[in-house]
Amino acid sequence: MSVEAGDIASGVYPGQFIHAEAPGRSLRRAFSVFSVSGDSLSIIYRVRGKGTRAISALGKGGILDILGPLGKGFPRPGENPLFLAGGLGAAPLGFLASKTSGGVFLYGAERECDFIPEELLNIPGHTLIRVCRGSSGETVTDILPEYLNGAGALYAAGPTAMLKKAAGVSRGKLKTFVSWEETLGCGTGLCMGCAVKTLSGYKMTCSDGPVFDAEEIDWDAC
Amino acid sequence: MPAEFASLKLKNPFMAASGCFGYGWESAGTFGEPTLGAVVTKTVTPEPVEGNPPPRIFETESGIVNRIGLQNCGVREFIERHLPRLSSLSLPYIISIYSFSRKGWGPLAGRVSETGAAALELNLSCPNLKGKRFTLDSEGCALALEAVKQATNLPLLAKINAYDAPVELSCALAEAGADAVVCSNTLPAAVIKNGVYFEGGLSGPAIKPVVLKAVKAITSELRIPVAACGGISSLEDVREYSQAGAKAFQLGSALLKNPRAAEKILRQSREDKQNG
């Protein structure tokens, strides 16, 4: 979905999100920004529940009430970045990768149809490697160890189980940043509903994150 | 829309409910200073509270269930870190307090009473503390209120739960010296997420009919002013609670969805007046 977003679009950085009102629902829905073009930003989502269905029903030309850009995004990548995307985690990482080149983009999904099409992902300066669990039985984290050597840092986004496995693989070898997923309340740190356990206590996904240094997370609590 | 509530003179009768607006100051940087009559801070306790492990928040039909677990930084850090920023705002602030122990209420109230707060709100009704609190019954709540009353001259708002015999409790609190009642905290509730059962507090439009009945029952029996809190997001909600006798209105879940919810209601009110 592409949204005419004015200053929100021009101010957004990869890893940050918008918080969109889902008509008729009590909570907003958070979406990582996938790309920005002028005053427009785009998000990629799958219709999974009542909120995304309500947003989808707005249709072309509809008005989406959004707050943003919110949260802390990824640090700016240095040389030889390594990206690890699971499912729709490819959205923020695709945006991040578009800001750099010369990296490797590992991209896993359950089914072939779950991948964001390569032409849409549009990361020509990187080596894209896709792993479809449904057809190969392999997960993207299975191949991660092969790509750690020589990488500058690892940037990961996707399901928590994938992030946990990736953080275990890269620990002590490669600086790792993860984009955390949790149900958000207010999206601005006020309600304390989106807690994530870190080694220094609970932090809020929306305002302290969603991007965290993997070394901060208390993975045993996840 | 000026309002007077429990001796507080407010520019309008709308307040941010405790727990939904952080420590009161944080959103001003992003959204500007809110057009509220007052803000109520997140509940502050004598010592820091870590809160519950995630997940903490769930959407239900017409509502939200939360199980934050009273996470807060404790009164010391609140005074050092949050109060200077909170007091720099022009709008009145009400500090919400809670003590796990009976003897802790008085000292806690004493520490925050000379901080420029317009009033204190006693959180006597957090459903996420069930089993840990002593303020479960009217007697316990009244004792807490009395202890606070002895420690401060500030107006005291008692936040109760529509679920917990609200008239009986309000009566006991009024006798103990409460200046106003806030009805209601979130209602005890449960959800199942991914096959796991979680208990928490339900808020939002789903609880409005329950709270409306409780507000009406209290205002019918007692003279203590009541602030309604439960599913308020529109002028119609305000009118209905007004009809039930409420004199002020706290916004909670509505602020999570729309940080400008009070402005929206005020705008509706102005438009309504212009249209006769």
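Keep in mind the model is a prediction, meaning the values are calculated, not measured.

**Student:** Just give me the short version of the sheet that holds strand β12 (residues 196–203) of chain B, but keep the residues and values in it.
**Tutor:** All names here are of chain B. The 4 strands are arranged β5-β6-β12-β11 in an open sheet whose pairing can be described as antiparallel. Each end of this open sheet is capped by a strand with a single partner; those strands are β5 (57–60) and β11 (187–193). If you compare each strand with its neighbour and ignore which way they point, the axes differ by 40° on average. Relative to strand β6 (residues 63–66), β5 runs antiparallel, the two sharing 4 bridges.

**Student:** Outline the sheet that holds strand β11 (residues 176–179) of chain A, supporting the account with residue identities and numerical values.
**Tutor:** Two modes of strand pairing occur in sheets, parallel and antiparallel, and in both the strands are linked by backbone hydrogen bonds. All names here are of chain A. Spatial ordering of the open sheet is given by β9-β8-β7-β10-β11-β14, a layout of 6 strands whose pairing is mixed. The strands lining the two open edges of the sheet, one partner per strand, are β9 (127–132) and β14 (211–213). Strand-to-strand twist in this sheet, taken as the mean axis angle between neighbours without regard to direction, amounts to 15°. Looking at chain direction, β11 and β14 are connected through 3 bridges and run antiparallel. Paired with phenylalanine 177 across the bridge in β14 is aspartate 213. Contacts between helix α3 (residues 90–97) and the sheet are confined to β7 (81–86), β8 (104–109) and β10 (153–157), with β7 contributing the most and set at about 160° to the helix.

**Student:** How would you summarise the pattern of salt bridges if you had to cite specific residues and measurements?
**Tutor:** Tallying each qualifying case throughout the model produces 22 salt bridges over all chains. Between arginine 111 of chain A and aspartate 114 of chain A there is a salt bridge whose closest N-O contact spans 2.9 Å. A relative accessible area of 11% places aspartate 114 of chain A in the buried class. A salt bridge links lysine 208 of chain B to aspartate 237 of chain B, with the shortest nitrogen-to-oxygen separation between them at 2.7 Å.

**Student:** Quick one: what's the story with the packing of helix α4 (residues 138–151) of chain B against helix α5 (residues 166–176) of chain B, residue by residue and with numbers?
**Tutor:** All names here are of chain B. Running from N to C, α4 and α5 point in directions that differ by 25°, and their axes come no closer than 9 Å. Taken together, the axes of α4 and α5 are roughly parallel relative to one another. The two elements α4 and α5 meet at a crossing, and its hand is right-handed. Contact with α4, carried on its side by Ser138, Cys141, Ala142, Leu145, Glu146 and Lys149, involves Glu168, Leu169, Ala172, Leu173 and Ala176 of α5 and no other residues of that element. Considering only residue class, the contact of α4 with α5 consists of 7 nonpolar, 1 polar and 3 charged.

**Student:** Summarise the nonpolar core; cite the residues concerned and give the values.
**Tutor:** Generally speaking, a soluble globular protein has its nonpolar side chains buried in company with each other. Counting 98 residues, the largest nonpolar core has Phe14, Ile95, Ile97, Leu120, Leu173, Cys183 and Val215 of chain B as the members making the most contacts within it. For this core, the element with the highest residue contribution is α4 of chain B, accounting for 5 residues. In this structure, leucine 120 of chain B is in contact with Ile94, Ile95, Ile97, Ala109, Val112, Val148, Thr152, Leu154, Pro155, Leu156 and Leu157 of chain B, ignoring residues within four places of it in sequence. Among the nonpolar cores identified, the runner-up in size contains 25 residues, and Val140, Leu144, Phe212 and Ala214 of chain A belong to it.

**Student:** So what's going on with the packing of aromatic side chains? Residues and values would help.
**Tutor:** Residue and element names in this part refer to chain A. Evaluation of the coordinates by the stated rule reveals 13 aromatic pairs over all chains. Ring plane angle 85° and centroid distance 6.1 Å describe the contact between phenylalanine 105 and tyrosine 107, whose orientation is recorded as edge-to-face. Take phenylalanine 105: its relative accessible area is 0%, and that puts it in the buried class. On the basis of an interplanar angle of 90° and a centroid distance of 4.8 Å, the ring pair of tyrosine 107 and phenylalanine 115 is categorised as edge-to-face. By the burial criterion, tyrosine 107 is buried, and phenylalanine 115 matches it. Clustering of aromatic rings is evident, with ring pairs tying together Phe74, Phe83, Phe105, Tyr107, Phe115, Tyr155 and Phe177.

**Student:** Quick one: what's the story with the environment of glycine 22 of chain B, residue by residue and with numbers?
**Tutor:** Structurally, glycine 22 of chain B is set in the loop between β3 (14–16) and α1 (28–31). For the pair glycine 22 of chain B and histidine 82 of chain B, spaced 60 residues apart in the sequence, the C-alpha separation amounts to 9.9 Å. Aside from chain neighbours lying at most four places away, what touches glycine 22 of chain B is Leu190 of chain A together with Thr41 and Lys42 of chain B.

**Student:** Account for the interface of chain B and chain A, with residues named and values stated.
**Tutor:** Contacts between the two partners involve 31 residues from chain B, matched on the other side by 23 residues from chain A. In terms of surface lost to chain A, no three residues of chain B exceed Ile57, Glu59 and Lys257 of chain B, which account for 30% of the buried area on that side. For the pair chain B and chain A, the interface holds 5 salt bridges. For arginine 25 of chain A, the salt bridge identified is with glutamate 61 of chain B, shortest N-O distance 3.3 Å. Where chain B meets chain A, there are 12 residue pairs in polar contact (both at pLDDT 80 or more). Mapped onto the side of chain B that touches chain A, the elements with two or more residues apiece are β5, β6 and α8 (253–257) of chain B. Here the side of chain B that touches chain A gets 4 residues from one element, more than from any other, and that element is β5 of chain B. Across the side of chain B that touches chain A, the residue classes tally to 13 nonpolar, 10 polar and 8 charged.

**Student:** Break down unusual backbone geometry for me, citing the residues and quoting the values.
**Tutor:** Residue proline 210 of chain A is reached from glycine 209 of chain A by a cis peptide bond, and omega for that bond is 10°. Here proline 210 of chain A lies in the loop between β13 (201–204) and β14. Notably, serine 7 of chain B is not glycine yet its phi reads approximately 70°, a positive angle. Phi angles above zero are rare outside glycine, and serine 62 of chain B is one such case at about 60°.

**Student:** Break down the confidence of the model for chain B for me, citing the residues and quoting the values.
**Tutor:** Across chain B, the average pLDDT comes to 94, with 97% of residues at or above 70. With a pTM of 0.94, the predicted complex shows an ipTM of 0.93.

Criteria and thresholds
- Residues numbered from 1 in each chain as written.
- Chains lettered and ligands numbered in written order.
- Predicted model: local features only at pLDDT ≥ 70, side-chain atom pairs only at ≥ 80, totals over all residues.
- Heavy atoms only, no water.
- Pairing = 2+ DSSP bridges.
- Helix = DSSP H or I, 4+ residues; strand = E, 2+ residues; numbered from the N terminus.
- Axes fitted to C-alpha atoms, helices over the stretch in contact; angles between N-to-C directions.
- Contact = heavy atoms within 4.5 Å.
- Salt bridge = Lys/Arg side-chain N within 4 Å of Asp/Glu carboxyl O.
- Buried < 20%, exposed > 50% of the residue type's maximum accessible area, 1.4 Å probe, protein only.
- Parallel < 35°, antiparallel > 145°, perpendicular 65-115°, else oblique.
- Left-handed = near helix turned anticlockwise from the far one by under 90°.
- Nonpolar A, V, L, I, M, F, W, Y, C, P; charged D, E, K, R; others polar.
- Core = buried A, V, L, I, M, F, W, Y, C linked by side-chain atoms within 4.5 Å.
- Phe/Tyr/Trp six-rings, centres within 6.5 Å; stacked < 30°, edge-to-face > 60°.
- Buried area = accessible area lost by both parts, 1.4 Å probe.
- Polar contact = N/O pair within 3.5 Å; in protein donor to acceptor, adjacent residues only side chain to side chain.
- pLDDT = per-residue confidence, 0-100.

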